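Structural features, examined
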Amino acid sequence: MTEFNPKTVYVTYIASTPEKVWEALTSSEFTKKYFWDRTIELEPKLGGSFALRLPDGTVNVQGKVIAWDPPRKFAVTWGVKWPAEFAKLPECHVTYEIAPAGDTVRLIMTESHSWEVPEAILSGGRMGWPAVLSGLKSLLETGKAPAIKMEPPKDMIEAIKNLKL
Amino acid sequence: MSNKPKFVYVTYVASTPEKVFEALTDGDMSVHYWHGSRIVSDWKIGSSFLLKLERGDKEIIGTVAEYDPPRRLVYTFHPQFGGTDKEPPSRVAFEIEPQKDQVKLTMVHDGFEAGSQVFEAISRGWPLILSSLKSFLETGKVFRPDWYDEEKKVQP
């Protein structure tokens with residue numbers, strides 16, 4: 001079996017409940033507000049399909065559910081389909097782990113890869129995840145969707161262009 | 001790539017650069033989001049930096065290296081307990097960038113030797129402290145970490 005190793009980990013603490021955090025990660029009503037307007041499509045079971053879709057219907061990320069244990073652990077295979085040049089990257093795994101921590105909830109996001117990923121390619125996720133998960137935290141704590149602007153990850157795009165797989 | 005450990009944490013806060021900078025440098029504010037621990041410094045370059053931990057008279061000391069409100073703050077970081085004082089001081093750098101209606105706060109903690117005990121501890125600690133700072137500025141509420149009640153019980 002191919003081994004996937006953690007390359008990017010982001011931890012945040014949220015004043016909420018595990019159930020609410022689970023809902024925010026798995027329902028479009030929430031993802032639209034903190035994940036740059038993306039909707040999430042899920043078959044809520046192990047082996048079920050998973051996708052993130054842009055408002056115009058384009059599939060951004062596609063994969064399969066590889067862990068489904070509400071409200072504790074949710075993991076998917078993560079294949080980026082858009083922008084098109086990203087589609088040649090091997091799929092990674094994205095895992096969310098939720099645990100109560102005092103009167104808060106600890107959320108750990110782990111992005112794991114099966115190959116020696118160049119740092120420049122990891123930079124996209126390292127820019128994106130803090131914005132996505134800061135947004136999720138604000139949304140659950142204040143009810144307000146933040147407007148975090150992101151530049152395209154230039155180093156990542158450049159690295160993908162030069163990548164020989 | 002060097003194998004010296006470095007910890008990077010980024011968070012976005014719905015606030016202003018001035019408020020985020022104040023939260024990072026003001027003793028009274030630190031007590032709220034740092035779970036009772038207090039930052040003490042006059043923030044002159046070369047002055048001492050002190051973090052008095054709420055848990056059992058423990059201290060982290062350091063020196064102010066850069067103070068550029070409301071953009072950048074750098075201090076050295078040297079815990080004085082549990083054998084960690086034997087490690088060399090490490091370095092904490094905060095960078096504050098305004099966004100549209102948010103502030104991007106980037107913290108880089110580096111200067112560790114390989115296998116540093118302090119690095120292990122701060123990798124667990126910063127996500128909680130900076131999540132707490134974000135909540136404090138956005139909602140005015142502070143939160144209680146999971147170890148808080150347990151530690152309270154063992155205090156004299």
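Summary of the structure given here.

Another point: the overall build of chain A. Summing up its helical and strand segments, chain A has four helices and seven strands in all. Relative to a compact globule of 165 residues, whose C-alpha radius of gyration would be 15 Å, chain A shows 15 Å and is just as compact. Taken along the three principal axes of its C-alpha coordinates, chain A extends 45 × 35 × 30 Å. Considering only contacts in chain A between residues 6 or more positions apart, those separated by 24 or more positions represent 51%.

Residues and elements named next belong to chain B. The seven strands are arranged E1-E7-E6-E5-E4-E3-E2 in an open sheet whose pairing can be described as antiparallel. The outermost strands of the open sheet, each flanked by one partner alone, are strand E1 (7-13) and strand E2 (38-40). Geometrically, the sheet is characterised by an average inter-axis angle of 20° between neighbouring strands, direction not taken into account. Packed on one face of the sheet, helix H3 (residues 117-139) meets E1, strand E5 (72-79), strand E6 (90-98) and strand E7 (103-110) and runs near 5° to E1.

If you look at the biggest cluster of nonpolar residues, it comprises 78 residues, and the most contacted ones within it are Trp78 and Tyr96 of chain A together with Tyr75, Phe94 and Trp126 of chain B. Excluding residues within four positions of it along the chain, tyrosine 96 of chain A makes contact with Leu25, Phe35, Arg72, Lys73, Phe74, Leu107, Ile108, Met109, Trp129 and Leu133 of chain A. Of all hydrophobic cores here, the second largest spans six residues; its members include Tyr13, Ala101 and Ile108 of chain A together with Leu128 of chain B.

Residue and element names in this part refer to chain A. Looking at the element boundaries, leucine 89 is found in the loop between strand E5 (73-80) and strand E6 (92-101). By relative accessible area, which is 15% here, leucine 89 ends up buried. Spatially, the C-alpha atom of leucine 89 lies 9.4 Å from that of isoleucine 121, the residues being 32 residues apart in sequence. Apart from the residues within four sequence positions on either side, leucine 89 is in contact with Trp115, Ile121, Met156, Ile160, Leu163 and Leu165.

Reading guide: rules and limits
Residues numbered from 1 in each chain as written. Chains lettered and ligands numbered in written order. Predicted model: local features only at pLDDT ≥ 70, side-chain atom pairs only at ≥ 80, totals over all residues. Heavy atoms only, no water. Helix = DSSP H or I, 4+ residues; strand = E, 2+ residues; numbered from the N terminus. Rg over C-alpha atoms; globule rule 2.2 N^0.38 Å. Contact = heavy atoms within 4.5 Å. Pairing = 2+ DSSP bridges. Axes fitted to C-alpha atoms, helices over the stretch in contact; angles between N-to-C directions. Core = buried A, V, L, I, M, F, W, Y, C linked by side-chain atoms within 4.5 Å. Buried < 20%, exposed > 50% of the residue type's maximum accessible area, 1.4 Å probe, protein only.

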